[in-house]
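Chain by chain, the residues run as shown.
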Amino acid sequence: MSKFPTKYIFVTGGVTSSLGKGIISASLGKLLTARGYSVTIQKLDPYINVDPGTMNPYEHGECYVTDDGAETDLDLGHYERFLNNSTSQANNVTTGRIYQTVIQKERKGDYLGKTVQIIPHITDEIKRRIQILGNTGKYDFVITEIGGTVGDIEALPYIEAVRQLKWELENSALFIHLTLVPYLAAAGELKTKPTQHSVKTLLEAGIQPDILVCRTEHPLGSEIKKKVARFCNVERDAVIESMDVSSIYEVPLLMQKEGLDKVVLRKLGIIDNTEVKLEQWCNFLEGLQNPKKEITIGLIGKYVQLQDAYKSISEAIIHAGVTNSCKVKVNWINAEEISNKNVTDKLAGLKGVLVAPGFGDRGMEGKITAIKHIRENNIPFLGICLGMQSAVIEYARNVLGYKDANSVEANKETSFPVIDLMKDQKSVTKKGGTMRLGAYECQLTKGSKSYNSYQNTEISERHRHRFEFNNKYKSEFEKSGMIFSGLNSKNNLVEIVEIPTHPWFVGVQFHPEYKSTVANPHPLFCGFIDACINNK
Ligand code: GLN
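Residues numbered from 1 in each chain as written. Predicted model: local features only at pLDDT ≥ 70, side-chain atom pairs only at ≥ 80, totals over all residues. Heavy atoms only, no water.

(A) Structural view of the overall build of the protein. Helices and strands together make up the secondary structure of the protein, namely 18 helices and 23 strands. Taken over the C-alpha trace, the protein has a radius of gyration of 25 Å; the compact-globule value for 536 residues is 24 Å, and the two agree within 12%. By its C-alpha atoms, the protein is 75 × 65 × 45 Å across when sized along the principal axes. The proportion of buried residues among the 536 residues of the protein is 58%. The contacts in the protein between residues at least 6 apart in sequence include a share of 73% that link residues at least 24 apart. Carbon and sulfur atoms provide 49% of the accessible area of the protein, an area that totals close to 22500 Å². Within the protein, the 62 negative side-chain charges are centred at a point lying 1 Å from the centre of the 64 positive side-chain charges. (Helix = DSSP H or I, 4+ residues; strand = E, 2+ residues; numbered from the N terminus. Rg over C-alpha atoms; globule rule 2.2 N^0.38 Å. Buried < 20%, exposed > 50% of the residue type's maximum accessible area, 1.4 Å probe, protein only. Contact = heavy atoms within 4.5 Å. Areas by Shrake-Rupley, 256 points an atom, 1.4 Å probe, with all protein chains shown as cover. Lys, Arg positive; Asp, Glu negative; His and termini not counted. Charge placed at Lys NZ, Arg CZ, Asp CG, Glu CD.)

(B) Representation of a nonpolar patch on the surface. A contiguous nonpolar patch, built from Tyr99, Ile103, Ile118 and Ile119 and spanning about 350 Å² of accessible area, is present on the exposed surface. Within the residue set of the nonpolar patch, elements represented by two or more residues are helix 4 (95-108) and helix 5 (118-134). For isoleucine 118, the location among the structural elements is in helix 5. You can call isoleucine 118 partly exposed: its relative accessible area is 42%. (Patch = residues over 30% accessible without salt bridge, like charges linked within 9 Å, V, L, I, M, F, W, Y side chains within 5 Å. Salt bridge = Lys/Arg side-chain N within 4 Å of Asp/Glu carboxyl O.)

(C) Representation of the site of the ligand in the model. Lining the immediate environment of the ligand, one finds Pro357, Gly358, Phe359, Cys385, Leu386, Gln389, Glu409, Arg464, His465, Arg466, Phe467 and His511. Between the ligand and arginine 464, the relevant distance is 3.0 Å, taken from a nitrogen atom to a main-chain nitrogen or oxygen of the residue. Put simply, the parts of the chain that give the shell around the ligand at least two residues each are helix 15 (386-398) and strand 19 (458-465). A breakdown of the residues in the shell around the ligand according to their chemical character gives five nonpolar, four polar and three charged. (Near = heavy atom within 4 Å. Polar contact = N/O pair within 3.5 Å; in protein donor to acceptor, adjacent residues only side chain to side chain. Nonpolar A, V, L, I, M, F, W, Y, C, P; charged D, E, K, R; others polar.)

(D) Structural context of the nonpolar core. Ranked by size, the top nonpolar core spans 47 residues in total, and within it Ile9, Phe141, Ile176, Ile211, Leu260 and Val264 carry the most contacts. Of the residues forming this core, the biggest block, six residues, is contributed by helix 1 (residues 21-33). Apart from the residues within four sequence positions on either side, isoleucine 176 is in contact with Ile9, Phe10, Val11, Thr12, Leu28, Ile211, Val213, Leu260 and Val264. Counting 39 residues, the second-largest nonpolar core is a separate cluster that includes Val343, Val392, Val408 and Phe505. (Core = buried A, V, L, I, M, F, W, Y, C linked by side-chain atoms within 4.5 Å.)

(E) Region of interest: helix 14 (residues 364-376). Counted at 1.5 Å a residue, the expected span for helix 14 with its 13 residues is 18 Å, and the 19 Å between its end C-alpha atoms agrees. The buried count for helix 14 comes to 10 of 13 residues, which makes it a mostly enclosed element. Among the residues making up helix 14, those that are buried are Met364, Gly366, Lys367, Ile368, Thr369, Ala370, Ile371, His373, Ile374 and Arg375. Directly after helix 14, the chain includes asparagine 378, whose backbone phi takes a positive value near 55 degrees. (Expected span 1.5 Å × (residues − 1).)

(F) Looking closely at the pairing of strand 6 (residues 141-146). Where burial is concerned, most of strand 6 is hidden: six out of the six residues are buried. Pairing analysis gives five bridges linking strand 1 (residues 7-13) to strand 6, with the strands arranged parallel. Bridge pairing links valine 11 to glutamate 145 in strand 6. Judged from the six bridges that link them, strand 2 (residues 39-45) and strand 6 form a sheet pairing that is parallel. Note that in strand 6 the partner of glutamine 42 across the bridge is threonine 144. (Pairing = 2+ DSSP bridges.)

(G) Structural detail: the pattern of salt bridges. Within this structure, the stated rule accounts for 35 salt bridges. A salt bridge links lysine 127 to aspartate 124; the shortest N-O distance between them is 3.5 Å. Highlighted residues: lysine 127 and aspartate 124, both in helix 5, separated by three residues, approximately one helical turn. Residue class for aspartate 124 comes out partly exposed when judged on its relative accessible area of 37%. Put simply, glutamate 315 and lysine 311 hold a salt bridge, and the shortest N to O gap is 3.6 Å. Here lysine 311 and glutamate 315 lie together in helix 12 (residues 311-323), a separation of four residues that amounts to about one turn. For glutamate 315, a relative accessible area of 5% translates into the label buried.

(H) Fine view of the environment of lysine 449. Turning to its location among the elements, lysine 449 is positioned in helix 16 (residues 449-454). Residues lysine 449 and glycine 527 lie 78 residues apart in sequence; the distance between their C-alpha atoms is 8.1 Å. Other than its neighbours up to four places away in sequence, lysine 449 contacts Glu498, Ile499, Pro500, His502, Pro503, Trp504 and Val506. At 3.4 Å, the side chain of lysine 449 forms a polar contact with the backbone oxygen of proline 500.

(I) Local environment of the sheet that holds strand 5 (residues 92-94). Taken in spatial order, the seven strands of this open sheet run 5-2-6-1-7-10-11, and their pairing is parallel. Strand pairing shows two members of the sheet lacking a second neighbour, strand 5 and strand 11 (239-243), which therefore form its edges. Looking at each pair of strands side by side, their axes are set apart by 20 degrees on average, direction ignored. Sheet strands touched by helix 4: strand 2 and strand 5. Its angle to strand 5, the strand with the most contacts, is close to 70 degrees. The strands touched by helix 7 (residues 193-204) within the sheet are strand 1, strand 7 (173-180) and strand 10 (211-216), with strand 7 carrying the most contacts at an inclination of about 145 degrees. (Axes fitted to C-alpha atoms, helices over the stretch in contact; angles between N-to-C directions.)

(J) Representation of unusual backbone geometry. A cis geometry characterises the amide bond from isoleucine 119 onward to proline 120, with omega recorded as 15 degrees. Relative to the helices and strands, proline 120 is located in helix 5. Phi at serine 325 is positive, roughly 50 degrees, even though this residue is not glycine. Its location among the elements puts serine 325 in the loop between helix 12 and strand 13 (326-334).

(K) Up close: the packing of helix 5 against helix 6 (residues 156-168). One way to put it is that helix 5 packs onto helix 6 with a least axis distance of 9 Å and a crossing angle of 65 degrees. Classified by the angle between their axes, helix 5 and helix 6 sit roughly perpendicular to one another. With respect to the hand of their crossing, helix 5 and helix 6 are arranged in right-handed fashion. When helix 5 is examined against helix 6, the residues Ile118, Ile119, Ile122, Thr123, Ile126, Lys127, Ile130 and Gln131 are found in contact with a partner set consisting of Pro157, Tyr158, Glu160, Ala161, Val162, Gln164, Leu165 and Glu168. Its residues assigned to classes, the contact of helix 5 with helix 6 comprises 10 nonpolar, three polar and three charged. (Parallel < 35°, antiparallel > 145°, perpendicular 65-115°, else oblique. Left-handed = near helix turned anticlockwise from the far one by under 90°.)

By themselves, these are just geometric observations and shouldn't be taken as functional.
Right, here's the structure in full:
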């Protein structure tokens, strides 16, 4: 139960995108939870897609999957990693979803006789979605991050909805606006004009920000802060400097130093003299900044030019590195560029290799070629989803001798469909939200590498796939040395494959990366990094 009626904090962005609204929201959330409040963070995305599940990672970065099977924005991953509590479908709202609901209601006749309009119907639906989390009575604070930049046409209904909410919620709502204060090298000066213009745009929409968080490469200094405060109608201590830092995990401490949490509490009328408990976070940061050793591992995927495509994997590697007192450098390798000829060179010097998830046949042969080299040369291996499926195909081809073994996803005509479409996927024709999604239980075999990592026989992990190991071939694989150390007992689905004679060869059908947090680095990633460190 929340301590008081839920307070709503709206976070908008101006000047440019990519200023780190997600990290600022997560950092504020962290500071508030460190004071003992319950907090959840929500993202409103202005695009028309119902969810990012159908978007190419180059468009949108990683698609983050929640326990309840929602395909969501990657910022939700930051929220979970910082706050260590799970999010759900309610934490991500898109324009597509809003319109879908309103149009469905219109067809049902819910608005009979009325003209359905952006105001009030779309804005009302936005307001309803914003308050779903608060209405559970579980949260002291709901932080709502509005995607995009103020002034964008597509974000207008969201801005209007939160403007209305601010008045309806009276003293229980607050606006934080994130801007950029650029440094002009030629003039040797920081410039506040873009911030002033951006606040002006907000004011035109009827919103006066209460707090400004100014992203900058150089310290703002008190003169600049004073100037921003004066021109933007905010209090001097509500101008928060957000300096560029080398790790996102430094940002909560930076925000604490700038007093962001204190200003938020004061402006919401909350008297709070409690101590901020950030000891665990500081220990993590200390470990991150002072590693005892360093290794390089490889990450093989299709989207290596955009590292946001594998955001949760990169962060899980960082968490596991800290657990092992080790800085883990990641060498990103494009699966499409791997061939029999160059595989030895491409993987030279790597202490371990992670083969990433993916869809479609592009890059799959490169992954399979790499896995053969990894298996034969005893290099620690973690295969995730398509990475696991590629490991099964490689084993079928090169150990069982099924020369054209494949996944039906890549070759419908294969004589050995060792990875096949799941039974309940066969009738699926629509693309959006129709995969096997979200958390499912899995039972582990005692003594396996995965069991040793989890130290538990019962686990739950999140999924996002249509294809699965074909149980028809199970006994042949087992006879030749591959084990199935993780199974879903309800439908007998293979969730984990291992080669016990290999130093560390684990492939998982699920996505462990989604559940790694600063407070709870993921056991499989920790086990994998430990094996990489010990790989001689
Ligand atoms: N394309 C594969 C499937 O649908 C793997 C999915 C993934 O890697 N997330 O089963």
